[in-house]
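# Chains, contacts and geometry: an overview
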Amino acid sequence: MPSLTAGGVVTVVGGGLAGCEAAWQLAERGLDVHLLEQKPARRTPAQTTDSLCELVCSNSLRGAAMSNAVGLLKEELRRAGSIVLACAYATRVPAGGALAVDREAFSHAIEARLRAHPRIRIEARLVEEIPRASLDAPAILATGPLTGDALAADLARVVGREHLAYYDAIAPIVAAESIDWDQVFKQSRYGKGVQEGDDEAYVNCPFDEAGYKAFVAALREAEKVSPRSFEEVRYFEGCLPVDVMAARGEMTLAFGPMKPVGLVDPRTGQRPFAVVQLRPEDAAATAYNLVGFQTRLTWPEQSRVLRTIPGLHGAEILRYGSVHRNTFVDAPRVLDARMQLRSRPGVFLAGQIAGVEGYVESCAAGFVCSVMLAQALSGRSVVPPPPTTALGGVLTHLGRATPDYQPSNVTWAWLPPFLDRRLKKRDRYEAMASRALSDLARWLEEAPLARAA
């Protein structure tokens with residue numbers, strides 16, 4: 001394939017996590033970027049603000065421990081100079097062992113840095129077809145899970161019908177002042193991530209067995225939002241609506257988002273039968289989201305059923321849960337090793353539209369795509385992150401052909417296994433993380449443009 005040469009502006013479509021990360025990394029490597037974002041002209045059903053990098057679901061970027069694959073991915077991005085991770089740490093809120101952010105402060109921080117960059121031009125424009133692109137003036141599509149119908153149709157025309165759609169769901173948010181604090185207790189599982197003297201990050205709404213079973217029955221019986229007739233419902237297993245989980249079995253939620261392990265109700269000295277956990281949405285903890293409580297329930301049914309949760313009988317629901325579509329391509333078949341469309345040279349895909357799932361993974365896909373593109377545009381060798389790193393694992397996942405390719409959060413399966421089977425699982429994962437960070441440091445030092453100037 002002919003090499004790319006720096007002769008024009010790189011167009012980035014989409015101002016979410018992947019698009020903003022890609023635009024920043026390209027600009028920091030001396031390339032001019034035209035960032036196109038449809039807001040404020042139009043919003044998707046899940047969006048509520050006109051800001052870039054809006055977090056439409058949870059405000060958590062998940063766990064930070066090196067024994068977790070996502071913790072490793074975050075640390076790699078931080079060390080590699082990610083704008084998303086830099087702004088996340090600057091706007092973090094208490095969340096136990098997780099990295100959670102004040103979503104408005106986070107979004108504003110990223111947008112301010114992008115708008116101030118002399119090589120980035122931001123334009124509010126609805127893009128309904130794949131932009132014209134060439135080998136010396138490429139384009140990155142980073143339109144996320146809610147890619148507009150017209151653009152999705154054009155993409156389908158270019159790649160064939162391999163692209164798929166399924167539903168993703170958003171968890172509700174409640175006002176802190178409307179919680180009945182006498183019925184709930186603050187505690188992180190096993191006290192994780194809490195320093196002496198700190199306030200606990202999570203609020204727990206405890207159920208006894210009878211209350212839990214009544215709640216599950218209510219979820220099963222409640223009216224749900226029906227999909228449109230022409231849309232196929234395919235849920236991501238890592239982000240199932242609670243009503244879908246409830247329908248799978250009476251105890252499914254008790255072993256999922258409502259599991260009580262690592263918690264002791266200080267009023268009884270006992271572990272509850274089940275809990276709903278609430279996590280602060282902002283630094284001042286004025287609002288809380290219901291952790292893992294994505295739902296398809298209609299808004300009136302959410303008002304009724306969610307207020308049967310202990311402590312939430314008078315809850316003010318600031319944001320209702322909702323269901324939205326996710327569009328992605330069959331990456332192993334339609335993308336090459338540099339995340340470029342095989343059928344349209346000069347057009348690259350990044351973020352969830354390529355088939356990663358989650359905030360951190362989307363950011364990572366934007367980072368990897370843009371660094372390889374910058375290397376190519378400079379006329380230098382394209383050297384991707386090592387496959388032993390979580391960043392390299394993004395490419396492993398996108399290139400791993402399966403009969404039914406599906407989006408995925410980062411897992412240790414994205415990396416080559418650590419062969420010393422004498423180690424226990426946690427120790428093995430930590431050894432893989434140590435190997436990854438060592439190989440990442442070497443890549444950042446030696447590979448062309450791996451690190452921004």
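What you are looking at is a predicted structure, and each value in this text was computed from that prediction instead of being measured.

Below, the discussion takes up the overall build of the protein chain. From N to C terminus, the protein chain includes 12 helices and 16 strands. The 453 residues of the protein chain split such that 58% are buried. Taking the intrachain contacts of the protein chain between residues at least 6 apart in sequence as the baseline, contacts between residues at least 24 apart amount to 72%. Accessible surface, the protein chain: about 18600 Å² in total, of which carbon and sulfur atoms supply 52%.

Moving on to the nonpolar core. In this structure, Phe106 and Ile140 are the most contacted members of the largest nonpolar core, which totals 93 residues. Looking at which element gives the most residues to this core, the answer is helix α10 (residues 359–377), with 13 residues. With 34 residues, the next largest nonpolar core counts Ala246, Ala274, Tyr288 and Ala315 among its residues.

Let us look at the pattern of salt bridges. According to the stated counting rule, one finds 15 salt bridges in the structure shown. The residue Asp154 makes a salt bridge to Arg157 at a minimum N-O spacing of 2.7 Å. Of this pair, Asp154 and Arg157 both sit in helix α5 (residues 149–159), three residues apart, which is roughly one turn of that helix. With relative accessibility at 58%, the residue Arg157 sits in the exposed group.

On to the sheet that holds strand β9 (residues 173–175). The strand order across the open sheet built from six strands is β10-β11-β12-β13-β9-β14, with neighbouring strands paired in antiparallel fashion. Two strands close off the open sheet at either side, each with one partner strand: β10 (185–186) and β14 (317–319). Across two bridges, the pairing between β10 and strand β11 (residues 203–207) is antiparallel. For Phe185, the partnering residue across the bridge sits in β11 and is Asn204.

Looking now at the packing of aromatic side chains. The final tally for this structure, using the stated rule, is six aromatic pairs. Taken together, the ring pairs connect Phe207, Phe215 and Phe293 into an aromatic cluster. The ring of Tyr429 is capped by Arg428, whose NZ or CZ atom sits 6.0 Å from the centre of that ring.

Glancing now at the packing of helix α1 (residues 17–28) against helix α4 (residues 103–116). Where α1 contacts α4, the axes come no closer than 11 Å and their chain directions differ by 30°. Considered as vectors, α1 and α4 are oriented roughly parallel to each other. By crossing handedness, the relation of α1 to α4 is classed as left-handed. Where α1 abuts α4, its residues Leu17, Cys20 and Trp24 lie against Phe106, Ile110, Arg113 and Leu114. Taken together, the residues that form the contact of α1 with α4 break down as six nonpolar, no polar and one charged.

Adjacent strands of a sheet pair through backbone hydrogen bonds, lying either parallel or antiparallel. One open sheet holds the five strands; their spatial order is β6-β2-β1-β7-β16, and the pairing between them is parallel. Two strands in the sheet have a free side with no partner beyond their single neighbour: β6 (120–124) and β16 (347–349). Averaged over all adjacent pairs, the angle separating strand axes in this sheet is 20°, with direction ignored. In terms of strand pairing, strand β1 (residues 10–13) meets strand β7 (residues 139–141) through three bridges, oriented parallel. Within β7, the residue paired with Val12 across the bridge is Ile140.

Let us look at unusual backbone geometry. Leave glycine aside and you will find that most residues have negative phi; peptide bonds, for their part, are mostly trans. Of note in the backbone geometry, Arg62 takes a positive phi value of approximately 70° without being a glycine. Secondary-structure assignment places Arg62 in strand β3 (residues 60–63). A positive phi angle, close to 60°, is found at Leu449, a residue other than glycine. A residue is classified by how much of its surface remains accessible, and Leu449, at 18% relative accessible area, is buried.

What follows concerns the environment of Gly8. Relative to the elements of secondary structure, Gly8 occurs in the segment before β1. Spatially, the C-alpha atoms of Gly8 and Leu31 are 8.6 Å apart, while their sequence positions differ by 23 residues.

So, on to α1. Along its 12 residues, α1 runs 16 Å from first to last C-alpha, staying within 8% of the 16 Å computed at 1.5 Å per residue. Across the 12 residues that make up α1, a large majority, 11, are buried. Where α1 terminates, the next one or two residues include Gly30, which has phi positive at roughly 90°.

Looking down a regular strand, the side chains alternate between one sheet face and the other. Neither face of strand β13 (residues 287–290) is exposed, since Ala287 and Asn289 on one face and Tyr288 and Leu290 on the opposite face are all buried. Bridging between β9 and β13 involves three bridges; their strand directions are antiparallel. If you follow Ile173 over to β13, its bridge partner there is Asn289. The sheet contact formed by strand β12 (residues 274–280) and β13 spans three bridges and is antiparallel. Each bridged residue has a counterpart across the sheet, and for Leu278 the counterpart in β13 is Leu290. The hairpin formed by β12 and β13 contains six residues between the paired strands, and Ala285 there has a positive phi angle of roughly 55°.

Counted at 1.5 Å a residue, the expected span for α10 with its 19 residues is 27 Å, and the 27 Å between its end C-alpha atoms agrees. For α10, a buried count of 19 out of 19 residues is recorded, marking the element as mostly surrounded by other parts of the structure. With its phi angle positive at about 85°, Gly379 sits one or two positions after the end of α10.

About the thresholds
Residues numbered from 1 in each chain as written. Predicted model: local features only at pLDDT ≥ 70, side-chain atom pairs only at ≥ 80, totals over all residues. Heavy atoms only, no water. Helix = DSSP H or I, 4+ residues; strand = E, 2+ residues; numbered from the N terminus. Buried < 20%, exposed > 50% of the residue type's maximum accessible area, 1.4 Å probe, protein only. Contact = heavy atoms within 4.5 Å. Areas by Shrake-Rupley, 256 points an atom, 1.4 Å probe, with all protein chains shown as cover. Core = buried A, V, L, I, M, F, W, Y, C linked by side-chain atoms within 4.5 Å. Salt bridge = Lys/Arg side-chain N within 4 Å of Asp/Glu carboxyl O. Pairing = 2+ DSSP bridges. Phe/Tyr/Trp six-rings, centres within 6.5 Å; stacked < 30°, edge-to-face > 60°. Lys NZ or Arg CZ within 6 Å of the ring centre and 35° of its normal. Axes fitted to C-alpha atoms, helices over the stretch in contact; angles between N-to-C directions. Parallel < 35°, antiparallel > 145°, perpendicular 65-115°, else oblique. Left-handed = near helix turned anticlockwise from the far one by under 90°. Nonpolar A, V, L, I, M, F, W, Y, C, P; charged D, E, K, R; others polar. Expected span 1.5 Å × (residues − 1).

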